[in-house]
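Residue-level structure breakdown
Residue-level listing of the chains:
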Amino acid sequence: MSNFFKEDLETKTIITAPTQCRLTLWKMYVDDILEKIKHELTQELTDHVNTIDAIGNIQFTHEEEMNKIIAFLETKIHHKEDGSIEITVYKKPAHTNQYRHIPPSLNWPYLKKYSSDSTKNVQSGRKMCPLCPEEKFKASYSHKLRRHLQNLHWKVFVEFEGQKMCICHLPCRTLKSSINGDQVSGRHVAHYHCIVCSVTIARKTDMISHLKRHVNKGETEASYSGSIALSGQAYEIMKELGTNVQLLPNHTTPQKSDTYFNRKMKTNRQLVFCSLAVLAGERNPLECLDAFGATGIMGLQWAKHLRSAVRVTITDINEACVKMIKENSELNLIRVEGGSSRSLLGSDVATSCLEEEAKAPIASIEVTKMDANVIMHLRPFDYIHLDPFGSAVNYLDAAFRNVRNLGIISVTSTDTSSLFAKSPNVTLRHYGCHIVRTEYYKELAARMVVAAVARAAARCNKGIEVLMAVALEHFVLVVVRVLRGPTQADESARKLRKLVHCQWCEERIFLKQGSMVDETLPCSCHGSLPGKTTVQLGPLWAGPLFNTGFLRRMLCAAVQHSMEDIQPLVKTLICESECTTFKSMVHAAFTNQGNTCLILLPLAGKRKSVEESGNVVKKLKGDMSLEHPPFYYSIHRHSIRGMNMPKLNKFLQYLTEAGFRVSRTHFDPTGVRTDATLQQFKSVLTKYSAPTYTNEATQTNVTTGEAV
């Protein structure tokens, strides 16, 4: 009825308006009207509108623009000198810039005020419990409501960083489905709402353990910038590297969410971004492809920070992911090419995420709903990133088919069970390699992925140059540069070799053409022990895993874009690529603008004489052109029983003084990468290891026992 009345009121007002008050603009929303009229006729039009209702129950007031600015609903309209209109987001003066939605179970002050406040009584002074459904607790007076909250909700709260999470009995948790697909009927389970990730947990002890895991990972409430309701679902907005993305509450479970997002892959995303920034410094604009968009955060970070240097294409086969990518683009003021100009978000979302000063899109991207193999066959790209859920071997052929010369392909593999030798049959199917569990299993996984990439490139008459290979707990990241031509393909194929590994002492060496297995290993386990002690692993990539110059430029890109999280990792990779320690380490990296970024690491330990320091510098200069030695040794794996090992940094110094190249490795915090053989490694370790109990201490104990 109200809509009919307003429509009739609007029609009569426009038709019966005085001649001098003819309207050129009339926008009505509920009881707010936006009009465009001459300044001196404002009061006359207001009086005319108030005469339309004969009874006089509806009376209008007017508000004029000040300094050519007027607020209408949640927009601010700027009237320019040339007569044009500019619209921006309007924030009320009482706005606190806090957009995070806190459920009633977390808002302790609100519950106290609600239970004691008598000014908001409904139903003759009765109130509903904000944490219980109506069938569980009917509307009651304030004293009963307060007693109910104290006995049921406040008594079992969980406190975290000043916020108290009360137990909630509302139907927030989705009911599990039965075998037939029907929802199980019954009462809803009481639960807690996590203040960090908004997950619902039933037991108090489980919630405390859940919060401790957040603290250990450095995840706090500040990680999220807001929470909104969109399309009937609760979305959370998380900010990473200055980019806002919407996340579903179950975004960490790929089986239950199409828009999967893993917060632990932040290091991976930053490494990929730095590699793209280095390529953009070499030539631009670049055609970049994020082949598995999901939430679109990686492609949005590329477009937002590299701007005109890249032309980003984000694709995903899932319709829900494509829709979310477009919504996340609007959150970050990034225009989607070919998309509709109509806002995809609600007014609350636009108000909370768009800045008032923003007037135009800062960048543009292309979002497509297409299979990754199809789009890589159809269009050429300069930079391609593959990050499927699991192995990426099914997409390598399509990636190398159309990538441009000297372009870069980055591959992220998350099938750690097959890469880390937990499922050898799956490894043989996907990568065509035979591997066993070794002390250097992470580097083995990286070389296995590079070997698969090299074979895919060779099938397309292309070779590769490995720029970086990183293997951490959750993923293996390989970044390669594409070199066109059969000659380059042959050179890359020659670097695929079998690895001979001793299962007793874990000595290893790459097998050359025409060599016997027992003649290649420097250890003597095959002669002194019965049975077969060696196995052939691979084929694996036998070439270098790092490019020092590329890593230096990546470090400068990380410094330029304020990525403090990965700077220690990139520094470790630089030292590992040169097979040197942090001592006397001075290197330069270059930004995209050509400025020099010097990273100076101070000397550690005692000072040496001039002759000794000169010899070290000469040795480092001579080794700069050498490739880093393959694989590493774990100091804990080869420690001597009954002996105290030296500190790792001291042991690195002892190996350097013995004339070996040495560095730490990111693959293993206790690993040492060196060109020494295992026998030489153990001899130095034995030399500088001290016995756990000395003879003097034993004699003292015996003497004391006799005296007693």
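Residues numbered from 1 in each chain as written. Predicted model: local features only at pLDDT ≥ 70, side-chain atom pairs only at ≥ 80, totals over all residues. Heavy atoms only, no water.

1. Quick word on the overall build of the protein chain
The test is simple: Think of it this way: any DSSP run of H or I at least four residues long counts as a helix, any run of E at least two long counts as a strand, and we number them from the N terminus. The cut-offs for exposure are 20% and 50% of the maximum accessible area for each residue type, with area from a 1.4 Å probe on protein chains only; residues under the lower value are buried, those over the upper are exposed, and the others partly exposed. Every residue pair with non-hydrogen atoms within 4.5 Å of one another is taken to be in contact. Accessible surface area values rest on a Shrake-Rupley calculation with a 1.4 Å probe, where residue burial reflects the displayed protein chains alone.
A tally of regular secondary structure across the protein chain gives 23 helices and 30 strands. Out of the 708 residues belonging to the protein chain, those deemed buried represent 45%. Of all intrachain contacts in the protein chain linking residues separated by at least 6 positions in sequence, the fraction that spans at least 24 positions is 61%. A total accessible area of about 37400 Å² is found for the protein chain, and carbon and sulfur atoms account for 52% of it.

2. Section: the pattern of salt bridges
Our working definition: Any carboxyl oxygen of Asp or Glu that lies within 4 Å of a side-chain nitrogen of Lys or Arg is treated as forming a salt bridge with it.
Inspection of every chain in the model, using the stated rule, returns 17 salt bridges. Between D397 and R459 there is a salt bridge; the shortest N-O distance is 2.9 Å. With a gap of 62 residues between them, D397 in helix α11 (residues 396–402) and R459 in helix α14 (residues 441–459) connect regions that are remote in the sequence. Overall, the relative accessible area of 33% leaves D397 in the partly exposed class. What emerges from the salt-bridge pattern is a single network uniting E282, E465, R481 and R553.

3. Remarks on the sheet that holds strand β19 (residues 462–471)
Operational definition: Pairing between strands is defined by DSSP: at least two bridges between the two strands are required. Axis definition: a line fit to C-alpha positions, over the contact stretch in the case of helices; interaxial angles, taken between N-to-C directions, run 0 to 180 degrees.
Spatially, β15-β16-β14-β13-β17-β18-β20-β19 is the arrangement adopted by the eight strands of the open sheet, whose pairing is mixed. Each edge of the open sheet is held by one strand with a lone partner, namely β15 (334–336) and β19. Adjacent strand axes in the sheet meet at a mean angle of 20 degrees, parallel and antiparallel pairs treated alike. For strand β13 (residues 286–290) and strand β14 (residues 310–315), the ladder comprises five bridges, and the chain directions are parallel. Bridging across to β14, L289 finds its partner in T313. Contacts from helix α6 (residues 266–282) reach β13, β14, β17 (381–386), β18 (403–413), β19 and β20 (476–484) within the one sheet, and its direction differs from that of β17 by about 175 degrees. Helix-sheet contacts for helix α18 (residues 548–560) involve β18, β19 and β20, and the interaxial angle to β19 is about 50 degrees.

4. Focus: the confidence of the model for the protein chain
Put simply, the test is: The pLDDT value expresses, per residue, how confident the predictor is, ranging between 0 and 100.
Mean pLDDT over the protein chain stands at 78; residues scoring 70 or higher make up 72%. Taken together, the stretch residues 119–124 has pLDDT below 50 and engages in five contacts with residues farther than four places along the chain or on a different chain.

5. Observations concerning the environment of W302
Along the chain, W302 turns up in helix α7 (residues 297–306). Distance from W302 to V312, taken between C-alpha atoms, is 7.3 Å for residues ten residues apart in sequence. The residues contacting W302, other than those within four sequence positions of it, are V272, F273, L276, C288, L289, D290, R307, V310, V312, Y383 and H385.

6. Quick look at the nonpolar core
Definition in use: In these notes, a set of buried Ala, Val, Leu, Ile, Met, Phe, Trp, Tyr and Cys residues joined through side-chain atoms within 4.5 Å is what counts as a nonpolar core.
By size, the foremost hydrophobic cluster in this structure holds 109 residues, and its most contacted members are M376, F400 and I464. Counting residues per element, this core draws most heavily on α14, at twelve residues. Setting aside its immediate chain neighbours within four residues, I464 contacts F400, V450, V453, A454, A457, V480, R481, L483, S492 and W541. Core analysis: the second largest hydrophobic core is formed by 21 residues, V500, Y633, F651 and F681 among them.

7. Topic: the packing of aromatic side chains
The criterion, for reference: Stacked, edge-to-face and tilted are the three classes for Phe, Tyr and Trp ring pairs, Trp counted by its six-membered ring, which pair at centre distances within 6.5 Å; planes under 30 degrees apart are stacked, over 60 edge-to-face, the rest tilted. Working rule: Lys NZ or Arg CZ, within 6 Å of ring centre, within 35 degrees of ring normal, means a charge sits over the ring.
Following the criterion strictly, the structure yields nine aromatic pairs and no others. Here the aromatic rings of F420 and Y441 are separated by 5.2 Å at their centres, their planes lie at 80 degrees, and the arrangement is edge-to-face. Separated by 21 residues along the polypeptide, F420 in the loop between α12 (416–419) and α13 (424–431) and Y441 in helix α14 bring together distant segments of the chain. Its relative accessible area of 7% is what places F420 among the buried residues. Judged by relative accessible area, which is 21%, Y441 ranks as partly exposed. Between R437 and the ring centre of Y441, over which it is positioned, the NZ or CZ distance is 3.8 Å. The positively charged end of R447 is found above the aromatic ring belonging to F631, 5.1 Å away from the centroid.

8. What about the environment of L648?
Positionally, L648 belongs in helix α21 (residues 648–657). Classification of L648 by relative accessible area gives buried; the value is 16%. Sequence separation between L648 and V672 is 24 residues; the distance between their C-alpha atoms is 8.6 Å.

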